[in-house]
Amino acid sequence: MPQFCDVALPVPVDTTFTYRLETGLDTVEPVVGGRVLVPFRQQRLSGVVVQLHDREPAVATKAVLKVLDREPLLDECQMRLARWIADYYIAPLGEVLRTMLPLAAEFRRAAVYRITDAGLLALHEAGRAGSSRRLRHDAAAQVAEFAVLNYLAEREGARETSLLAVSKTRRRDLETLVRRKWITREDVSADREAARTVKFAVLRKPAASAGTGGAGRERKLNPNQRAVLDALAEAGGRMQLEALRQLPVSPSSLATLARRGYVAILEEPAAFAVSAIRPRTSPFEFTFPPAQKSALDAINAAAQSRLYRAFLLHGVTGSGKTAIYLTAMHAVLQSGRSAILLVPEIGLTPAVAADLHQIFGDQVAILHSALTGKERAEQWHRIRRGDARMVVGTRSAVFAPVSNLALIIVDEEHDSSYKQEETPRYHARNVAVMRASMAGATVVLGSATPSLESYYNAQQGKYTLLEMPERVESRPLPAVEIVDMRAEFQQAGKEQVVSTRLAELLRDRLERGEQAMVLLNRRGYAPVVLCRACGNTVQCRNCAIALTHHKQGSRLECHYCGHTQAVPTKCVECGSDYVYFVGTGSEKLEELLHAMFPQARIGRLDRDTIRGRHDFERILNALSAGEIDLLVGTQMIAKGHDVHGVTLVGVVGADIALGLPDFRAAERTFQLLTQVAGRAGRGATPGKVVLQTYSPEHYAVQFAAAHDFRGFYDKELRYRSWMHYPPFSALANVMVRSDKLDDALRYSGMLGRWLEKTPHPGTRVLGPAAAPIVRLKRDYRYHLVLKSASRQKLNQLLRALLAYAAEQKLPRSNLIVDVDAIWLM
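Residues numbered from 1 in each chain as written. Predicted model: local features only at pLDDT ≥ 70, side-chain atom pairs only at ≥ 80, totals over all residues. Heavy atoms only, no water.

(A) Geometry of the environment of Val38. Inspection of the secondary structure puts Val38 in strand 3 (residues 35–40). With relative accessibility at 0%, the residue Val38 sits in the buried group. Each C-alpha atom, one on Val38 and one on Val64, is 4.9 Å from the other, the two residues being 26 residues apart in sequence. Once residues lying within four places of it in the same chain are set aside, the contact partners of Val38 are Leu9, Tyr19, Gln43, Arg44, Leu45, Val64 and Leu65. (Helix = DSSP H or I, 4+ residues; strand = E, 2+ residues; numbered from the N terminus. Buried < 20%, exposed > 50% of the residue type's maximum accessible area, 1.4 Å probe, protein only. Contact = heavy atoms within 4.5 Å.)

(B) Summary view of unusual backbone geometry. The step from Thr423 to Pro424 runs through a cis peptide bond, and the omega angle for that step is -5°. Locating Pro424 in the fold gives a position in the loop between strand 16 (405–411) and helix 14 (428–439). The phi dihedral of Lys181 falls on the positive side, at around 65°, and the residue is not glycine. For Lys181, the position within the fold is in the loop between helix 6 (171–179) and strand 8 (183–192). Located in the positive-phi region is Lys809, a residue other than glycine, with phi close to 65°. Along the chain, Lys809 turns up in the loop between helix 24 (791–807) and strand 33 (815–819).

(C) Broad picture of the pattern of salt bridges. Throughout the structure, instances matching the rule amount to 37 salt bridges. Among the ionic pairs, Lys419 bridges to Asp818, the shortest N-O distance being 2.6 Å. A residue pair is termed long-range when its members are at least 10 positions apart, and Lys419 in the loop between strand 16 and helix 14 and Asp818 in strand 33 qualify at 399 residues. Accessibility expressed as a relative area gives 3% for Asp818, which makes it buried. Between Asp608 and Arg555 there is a salt bridge, with the nearest N and O atoms lying 3.8 Å from each other. Taken together, the positions of Asp608 in the loop between strand 26 (602–605) and helix 19 (613–624) and Arg555 in strand 23 (residues 555–557) put the pair 53 residues apart, joining distant regions of the chain. Note on Asp608: relative accessible area 15%, which makes it buried. A network of salt bridges, in which partner residues are shared, links Glu481, Arg501, Glu504 and Lys688. (Salt bridge = Lys/Arg side-chain N within 4 Å of Asp/Glu carboxyl O.)

Dropping the structure here:
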């Protein structure tokens, strides 16, 4: 067995750590790609072994505590992919590997505290000095600290939960004692948790048997016990305990029935529901038009070749892209290989999963962040065992441990949610392309509005372009009408949320029994709370952002950090009563539409109404079943939904994003307008779209109204080339943050001066400057934007910058490097 192993740990440090291997680790030898448990500072962490060797380091090493895996969890190809991500995105390898292995729920972690020699000495001196001796100036804190030290002095150690309960102290008091080195803290991994289970109550004897004689005690069932037995009988003799507990009876009733033999309590492995969404028509039930057939044939041929191929599938909304995905995946499954389908939003996953489950049955696995930790681990192991070869999920599903990979599909490849906004800041589209390249698989990037980078790559020959310019069954694209809200204001003499034209069309569609959608990409009731006397706005205490008024729940909320507070009745600055709610969000729009159309069944789809995946499924099922006449929502209603009853789409505030200080603002606006317009007219009845805007002449609005992607691409590409933005250069955003303004200024100034003095030919540096949102989640933020035609030169400069920051003791957690940044705010 090798003497040493290099381990990548999930910490923000750009290095691996060498540990000593000792005999006696249950004779289990670690493997590259498997996990080990190791000591790290005052914790125990699980990391991934990246190398085994006999080279003794120059410094003393600690020993591996436990080998967690007998076989690699990540194969050689996945390890190469992890290294590529770490190198490309300037991310610590350990944090990349943590992202690739969603198995944290398999181990319970508990914080264990132990008293040190210094703590025993402090306790002894304090006891000897009596009440005159103080551990801290705060008397209450002194008592709490005595309680902690006394409790730990009597035992080998104690878990945090027990220690807090017994000593009546707070977690921050424990942190203070750790800093003084009077106690130590360890994160201990316990044994693996049991698999998910569910408990059932099974009827053994009906309630009627208690009234027909027999033992006297059986004739003495009370009304609550009879209610439980009757509910079980109506359910066929078997119910989940969770459902049975909804009955208005005491829990002791069920326990008594179990003790008397009327009911048995069984525990079984929990089933996993892939989706509650109703599946759409099978793609095998209609004939593909020539363009779609040609695209499908090209994808199938590439997947069968077992060679790397990359396609950009550009098809208008409603052109049958999903049907092509499913048909290609079916061919892959028939050949005994595996496929991954990525979707941008958790909300889209149940709908696509329902389609896949209809076709592929139990061969489907689902991966996304809305699953519990146990559910994610369960799905991951199903995939790894080969029980599921068709995987659907959001960006993290690109790491699914499928074997014999043939096809990766990235649906709505332009969507910004494929970019992770925390370390490692990878883009799932780029990772999918690289994984396919390493595995000799086919990758398909699909969209009605491809990103400029992807379409440019197709034009340059890096991807094969597949075009589908027409909808299935020759259905027409919806007619688009632009409403100039400046003229609307002049006619009405006041601001109109819903224009006269949109209101007229909504009324017409509702009278005809058709469905409609209205998009307003802004949550809440009103985005600004303003004092009309002094002009003060209510700001988040953690961010440089105005709080949004949410009428439901009567609260103000920050949509960035989640801070909430009560709605003020008076201005906090001047005491005036003239507090005014400015602007309109989706909640207010829903209220206005209820007032305009009181007979209509109106639903709302945004982050406030969707708290879990089941809420999303419930609303989409209601819309598909015709139980909702009018659906209001944010961008969540714009993506991928195929509801044939929707014939009208209205967009309120079509130009909201155009005012943002972001070079992608026009592209995002064009994509959103085109995507939401595509929800109309997907059935037999032609669709209509109304775009309300104060900027009707803007090219993004004009090209979206004309369904002209190529026109928008050509114009936007010229602007990008003039300003050296992607796709003509690689871009990175370097963000310096600190909860102290002076530190943020000092750090950013330090980096700015270093960049001024350091030669970097071919790389442009903008900044340092305050970020557009200068304070976010209590941190002050300053950034530098770096652009270079050479990605190699850009990454070399970024690594040199990080090395200099480390020399200057700039904490790594205060410095964010975002390669291929999507969000510059």
